[in-house]
Amino acid sequence: MRIDTSSIAEDLAPTGVLRASINLGNPVLAHGTPAAPTGVTVDVAREIGARLDVPVEFVCFDAARKSYEALTAGRADICFLAVEPAREAEVAFTAPYVVIEGVFVVPRGSDLVTAADVDRAGVRIGVKHGSAYDLFLSRTLRHARVVRGEEGVDAFRSQGWEVAAGIRQPMNEFVAAHHEVRLIEDRFMQIQQAVGTTTTRRPETVSFLRDVVEELRAGGFVADALRRAKQSDTLVAPPR
């Protein structure tokens with residue numbers, strides 16, 4: 001059956017421009033500047049715009065929570081966020097196109113060895129406010145305490161907290177540059193990155209987004225975009 005992309009474009013990009021909310025705070029997904037962003041999320045947004053025959057405008061932020069707020073406030077039409085229950089009331093997500101890992105960093109002399117060791121009384125975990133790992137840890141921890149900041153790793157160092165949480169790739173770089181800390185190698189979560197739009201969109205529009213993202217994942221587009229951004233193509237989400 002032929003898809004009426006003109007009606008989908010009217011629903012998804014009512015201003016005539018597809019406004020894509022981009023989180024430059026996640027270097028696996030996007031980098032560059034607000035005026036010239038690059039990365040897999042930028043490439044996927046451009047491809048969605050091309051399928052709908054509409055121009056794309058990038059609305060860039062330095063944190064996931066700001067990207068989420070832009071979508072829910074009507075300042076963006078699509079977003080690129082981790083699938084989390086706290087977001088699903090307002091965001092209709094596609095299946096994941098990329099899966100990244102959340103890991104912990106601790107002082108080199110810490111007795112915390114595994115991710116499971118971290119959830120104990122008296123442990124403070126620095127996180128980036130509103131990040132996927134903030135949301136995940138806030139709903140799953142039983143004993144340790146989440147401490148939120150603009151950059152959880154910076155606060156972890158300056159405040160002397162026991163643990164910092166973050167995405168594996170930038171955490172690897174952080175550990176390489178700061179020999180007084182070490183990585184806990186096993187992940188504490190898988191972060192499933194997906195495309196989202198508001199739940200107010202028509203079902204056909206959400207289905208279109210889901211079909212396009214699955215095609216881009218399965219057909220090699222996402223893998224190619226990751227390689228262009230100097231990221232590993234092993235991050236491509238497995239088929240569901």
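Residues numbered from 1 in each chain as written. Predicted model: local features only at pLDDT ≥ 70, side-chain atom pairs only at ≥ 80, totals over all residues. Heavy atoms only, no water.

**Things to note about the side chain of Arg201**
Note the cut-off: Note on conventions: DSSP H or I runs of at least 4 residues are helices, E runs of at least 2 residues are strands, and numbering of each starts at the N terminus. For the purposes of these results, a polar contact is taken to be a pair of N or O atoms within 3.5 Å, where, inside protein, one atom must be able to donate a hydrogen and its partner to accept one; residues adjacent in sequence count only when each atom of the pair is a side-chain atom.
Checked against the element boundaries, Arg201 lands in the loop between strand S11 (181-198) and helix H8 (203-218). A polar contact is formed between the side chain of Arg201 and the backbone oxygen of Asp11, at a distance of 2.7 Å.

**A word on the nonpolar core**
Keep this limit in mind: Among the buried residues, those of types Ala, Val, Leu, Ile, Met, Phe, Trp, Tyr and Cys that are joined through side-chain atoms within 4.5 Å form a nonpolar core. Partly exposed describes any residue whose relative accessible area lies between the buried limit of under 20% and the exposed limit of over 50%, with all areas from a 1.4 Å probe on protein chains only and scaled to the type maximum. Here a residue-residue contact requires only that any non-hydrogen atoms of the pair lie within 4.5 Å.
Formed by 60 residues in total, the largest nonpolar core has its most connected members in Ile48, Ile78, Phe104, Ile125 and Leu137. For this core, the leading source of residues is helix H2 (residues 40-52), giving six residues. Ile48 has contacts with Leu18, Ile78, Val195, Phe208, Leu209 and Val212, leaving out every residue within four places of it along the chain. Counting 13 residues, the second largest nonpolar core, distinct from the first, contains Val153, Ala164, Met171 and Val181.

**A few points about the packing of aromatic side chains**
So the rule is basically this: Pairing of aromatic rings covers Phe, Tyr and Trp, the last counted by its six-membered ring, and requires centre-to-centre distances within 6.5 Å; plane angles under 30 degrees mean stacked, over 60 mean edge-to-face, and any other angle means tilted.
What the rule picks out here adds up to three aromatic pairs. With a centroid separation of 4.2 Å and 15° between ring planes, the pair formed by Phe104 and Phe188 is classed as stacked. Residue Phe104 is found in strand S7 (residues 98-107), and its partner Phe188 is found in strand S11; the two are separated by 84 residues along the sequence. Each member of the pair, Phe104 as well as Phe188, carries the same accessibility label: buried. Pairwise contacts between aromatic rings join Phe104, Phe136 and Phe188 into one cluster.

**Things to note about the pattern of salt bridges**
Defined as follows: Only one rule defines a salt bridge in this text: a Lys or Arg side-chain nitrogen within 4 Å of an Asp or Glu carboxyl oxygen.
For the structure shown, the criterion picks out 18 salt bridges. A salt bridge links Glu180 to Arg157; its shortest N-O distance comes to 3.3 Å. You can see Glu180 sitting in the loop between helix H7 (168-177) and S11 and its partner Arg157 sitting in helix H6 (residues 152-159), a full 23 residues away along the chain. Assessed through its relative accessible area of 41%, Glu180 is described here as partly exposed. Judged by its relative accessible area of 43%, Arg157 falls in the partly exposed class. Taken together, the shared-partner salt bridges connect Glu101, Arg168, Glu185 and Arg187 into one network.

**Re the pairing of strand S5 (residues 78-82)**
The test is simple: Strands qualify as paired when DSSP identifies two bridges or more between them.
In terms of burial, S5 is largely enclosed, as five of its five residues are buried. As judged from the two bridges shared by strand S1 (residues 18-23) and S5, these two strands associate in the parallel manner. Within S5, the residue paired with Ala20 across the bridge is Ile78. Of the strand pairs in this sheet, S5 and S11 are connected by four bridges, and their pairing is antiparallel. Residue pairing in the sheet places Leu81 in a bridge with Ala194 of S11.

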